[in-house]
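# Inside the fold
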Amino acid sequence: MAGKAVTKLVEYGIRTGLVNEEDRIYVTNRILEVLQEDSYEEEEVLEETDSLEEILGELLELAGEKGLIDAGSITARDLFDTKLMGCLVEPPSVVTEKFYRLYQESPKKATDYFYKLSQDSDYIRRYRIKKDVRWQVDSPYGKIDISINLSKPEKDPKDIAAAKKMAQSGYPKCLLCKENVGYAGRMNHPARQNHRVIPLTIQEKKWGFQYSPYVYYNEHCIVFCGEHVPMKIDRNTFVKLLDFLKFLPHYFIGSNADLPIVGGSILTHDHYQGGNYTFAMAMAPIEKEFQIPGFEDVKAGILNWPLSVIRIESKEEDRLIDLADHILKTWRSYSDPDAFLFAQTDGEPHNTITPIARKKGEYFQLDLALRNNITTEKYPLGVYHPHAQYHNIKKENIGLIEVMGLAVLPARLKGEMELLAQAILDKKDMNEDERIQKHAAWVETFIPKYPDINRENVMDILKEEIGQVFVHVLEDAGVYKCTPEGREAFMRFIEKL
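So, a few notes on the structure that sits alongside this text. (Residues numbered from 1 in each chain as written. Predicted model: local features only at pLDDT ≥ 70, side-chain atom pairs only at ≥ 80, totals over all residues. Heavy atoms only, no water.)

## Some details on the packing of helix α2 (residues 24-35) against helix α4 (residues 74-86)
The cut-off we apply is this: Orientation is described by axes fitted as lines to C-alpha atoms, over the contacting stretch for helices, and by angles from 0 to 180 degrees between their N-to-C directions. Note on conventions: DSSP H or I runs of at least 4 residues are helices, E runs of at least 2 residues are strands, and numbering of each starts at the N terminus. By definition in this entry, angles of less than 35 degrees are roughly parallel, angles greater than 145 are roughly antiparallel, angles of 65 to 115 are roughly perpendicular, and the rest are oblique. Two helices cross in a left-handed way if the nearer one is turned anticlockwise from the farther one by less than a right angle. They cross in a right-handed way if the turn is clockwise. Here a residue-residue contact requires only that any non-hydrogen atoms of the pair lie within 4.5 Å.
Two elements in contact, α2 and α4, have axes whose closest approach is 9 Å; the angle formed by their N-to-C orientations is 160°. Classified by the angle their axes make, α2 and α4 are roughly antiparallel. Where α2 crosses over α4, the two elements pack in a sense that is right-handed. Contacts between α2 and α4 involve Arg30, Ile31, Val34 and Leu35 on the former and, on the latter, Phe80, Lys83, Leu84 and Gly86.

Set out below in structure tokens:
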């Protein structure tokens, strides 16, 4: 019964280069073992028209019929099809050897190979990524990228309940640990039999290089410490970022901040994110140059960007590291009550930095976004965090990816946009529909701008207005506003340097 679908999966492996022809029988038998099939008759596949998603779908239905999985559970299906795909992927040592052999020819050839492998192996699920909705909007700061992330499947309530009942396991310690490679997964932790990591040395320590399974942008990679140690922004951060650029000069690399509210979702494991993509921030010009005493040889300036960013640039990496460390240390202890900036309150530190590094020809370039996570009664989620009036669109933290100019918006927005479009066309009261009532006040603010809203343009209008909300969200996250008063306060900090 499984014959044709198994043959299709093996053929897929051979066609994509995951499987050598010589390993056909071996791989076939591994798949049969997972399916608990005792017999097999190879069926001829005349023309490969089925997609990987369709092939895996056939095998998942078979597994459901045999009682191997609950075919109605997304989590169970993901665990099982990852186990199947793990049969096709070569061992880590072979993947690493191929990567470094290609690296001798060029770093780009090595990353091209590894990125393709990460997609062909279904670790990056192409058929889910393509569901993401993406567009751009113009802003005073350049073209801003907007995305609605649909590639993370919504958890089924019964899967959530099953995960809660499971005994807590400390292995792997988190989603970034090297122990994830080849891990079978469980209801509350994804399977990773098809996952591979390239070992590399950063600042004379063992680190790992992998791609994000959700690829928010082209070749979205993660570089993580070989040990499970917490995020920390200090001088060593700048050393490690530039070390990585020497390894893969065609990529950028950045770090989330190391404090809650302004940091990333995983602060417990030291890691960076990079990739082969040019964000609006990278193209933003310097609006005001300045010199820092003792560092006259390093180009420095304030970036024309909604967040408060200092850009520094030099051919000499040591000089760049020294200056970045000087800026970080000064910022950590800097307070300016007139600008509502406090380095700490009640012993709790508030100031940190989101750093991004890239190579521009012979020059190393560092963008240092100044961050502060203070909260007040008026802004309980953070003063320099998306304000409540924008929570209908974006409530989550502004992390590294957003700092650079890419909105990662929640999946709920896609359905809400469709409901909003219809409500606008029908001139309905949005307060009467609980699914979209949170958008009612916002919609009222922009409707008068568009005298002719019709079926052809309503979705484009919504995209434009969502994009402009995200621009305001980025401005909220800026500790110094793009106003004369804000820039005057920014210069008070620069003078401290």
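There's more to say after this.
## Here's the deal with the pattern of salt bridges
For clarity, the cut-off: For this document, the term salt bridge refers to a Lys or Arg side-chain nitrogen within 4 Å of an Asp or Glu carboxyl oxygen.
Taken as a whole, this structure holds 41 salt bridges when the rule is applied. Residue glutamate 61 is joined to arginine 77 by a salt bridge in which the shortest nitrogen-to-oxygen separation is 3.0 Å. Residue glutamate 61 is located in helix α3 (residues 52-65), and its partner arginine 77 is located in helix α4; the two are separated by 16 residues in the primary sequence. A salt bridge links lysine 143 to aspartate 138; its shortest N-O distance comes to 2.8 Å. Each of Asp78, Asp81, Asp122, Arg125 and Arg128 takes part in a single network of salt bridges with overlapping partners.

## Comments concerning the environment of cysteine 87
In this structure, cysteine 87 sits in the loop between α4 and α5 (92-105). Residues cysteine 87 and glutamate 33, 54 residues apart in the sequence, show an inter-C-alpha distance of 9.9 Å. Once residues within four sequence positions are removed from consideration, cysteine 87 is found in contact with Val27, Arg30, Ile31 and Val34.

## Focus: the nonpolar core
For the record, the criterion: The set of buried Ala, Val, Leu, Ile, Met, Phe, Trp, Tyr and Cys residues whose side-chain atoms join them within 4.5 Å is what this entry labels a nonpolar core. To sort residues, take the accessible area from a 1.4 Å probe on protein chains only and compare it with the maximum for the residue type: under 20% means buried, over 50% means exposed, and anything in between is partly exposed.
Counting residues in hydrophobic clusters, the biggest one holds 97 residues, and the most contacted among them are Phe209, Phe244, Ile312 and Tyr480. Not counting the four nearest positions on each side in its chain, tyrosine 480 is found in contact with Pro306, Ser308, Trp331, Tyr334, Ala339, Leu341, Leu370, Gly486, Arg487, Ala489, Phe490 and Phe493.

## Observations regarding helix α13 (residues 412-426)
The condition that has to hold: For a helix, the expected span equals 1.5 Å multiplied by the residue count minus one.
With 15 residues, α13 ought to run about 21 Å at 1.5 Å a step, and its terminal C-alpha atoms sit 21 Å apart, in line with that. Within α13, burial applies to Leu413, Glu416, Met417, Leu420, Ala421, Ala423 and Ile424. Contact partners of the buried residues in α13: β1 (133-137), β2 (144-148), β15 (406-409), α14 (440-446) and α15 (458-477). Looking one or two residues beyond α13, the residue adopting positive phi is lysine 427, at roughly 55°.

## Considering the side chain of histidine 220
Within the secondary structure, histidine 220 sits in the loop between β4 (205-211) and β5 (221-225). Those residues in contact with histidine 220, other than ones at most four positions away along the chain, are Tyr211, Ser212, Val215, Gln273, Gly274 and Ile401.

## Things to note about the sheet that holds strand β14 (residues 363-372)
The cut-off we apply is this: A pair of strands is treated as paired once DSSP finds two or more bridges between them.
The 10 strands are arranged β3-β4-β5-β7-β6-β13-β14-β10-β9-β8 in an open sheet whose pairing can be described as antiparallel. What marks the edges here is a single partner per strand, and that holds for β3 (198-202) and β8 (286-290). Between one strand axis and the next, the sheet turns by 25° as a mean value, whatever way the strands run. Note that β3 and β4 share 5 bridges and pair antiparallel. Looking at β4, one finds that leucine 200 is bridged to tryptophan 207. Sitting on the sheet, helix α6 (residues 107-120) touches β3 and β4, and the angle it makes with β4 is about 60°. On the sheet, helix α9 (residues 235-247) packs against β3, β4, β5, β6 (252-254), β7 (271-275), β13 (351-360) and β14 and is oriented at approximately 20° with respect to β13.

## Some words on the pairing of β7
Extensive coverage of β7 is indicated by the burial of 5 of its 5 residues. Across the two faces of β7 the burial is the same, with His271, Gln273 and Gly275 and Tyr272 and Gly274 all buried. Across 4 bridges, β5 lies against β7 in antiparallel orientation. Across the sheet, residue phenylalanine 224 finds its bridge partner in β7, namely histidine 271. As judged from the 3 bridges shared by β6 and β7, these two strands associate in the antiparallel manner. Note that in β7 the partner of isoleucine 253 across the bridge is glycine 274.

## Some remarks on helix α16 (residues 484-496)
With 13 residues, α16 extends 19 Å between its outermost C-alpha atoms, agreeing within 8% with the 18 Å of an ideal straight helix rising 1.5 Å per residue. What α16 keeps buried is the set Gly486, Arg487, Ala489, Phe490, Met491, Phe493 and Ile494. Where the residues of α16 are buried, they touch β8, β9 (299-303), β10 (309-314), α11 (317-332) and β14.

## Observations regarding the environment of lysine 130
Relative to the helices and strands, lysine 130 is located in the loop between α7 (126-129) and β1. For lysine 130, a relative accessible area of 69% puts it in the exposed group. For the pair lysine 130 and glutamine 203, spaced 73 residues apart in the sequence, the C-alpha separation amounts to 36 Å.

## Digging into empty space enclosed by the protein
As a reminder, the rule being used: The rule is simple: put a 1 Å grid over the protein atoms alone, call a set of points where a 1.4 Å probe fits but cannot get out a cavity, call an open set with protein on both sides within 12 Å along at least five of seven lines a pocket, and count a residue as lining if it has an atom within 4 Å of a point. Grid points are joined across faces, edges and corners, and a volume is the space filled by probe spheres set on the points. Residue polarity follows a fixed list, in which Ala, Val, Leu, Ile, Met, Phe, Trp, Tyr, Cys and Pro are nonpolar, Asp, Glu, Lys and Arg are charged, and the others, Gly among them, are polar.
Considering all chains together, one arrives at 1 cavity of 30 Å³ or more under this definition. Computed from the structure, the largest cavity encloses a volume of approximately 30 Å³. Lining the largest cavity are Phe114, Leu117, Ser118, Ser121, Tyr123, Asn194, His195 and Arg196. Considered class by class, the residues forming the lining of the largest cavity number 3 nonpolar, 4 polar and 1 charged.

Geometry only, nothing functional implied.
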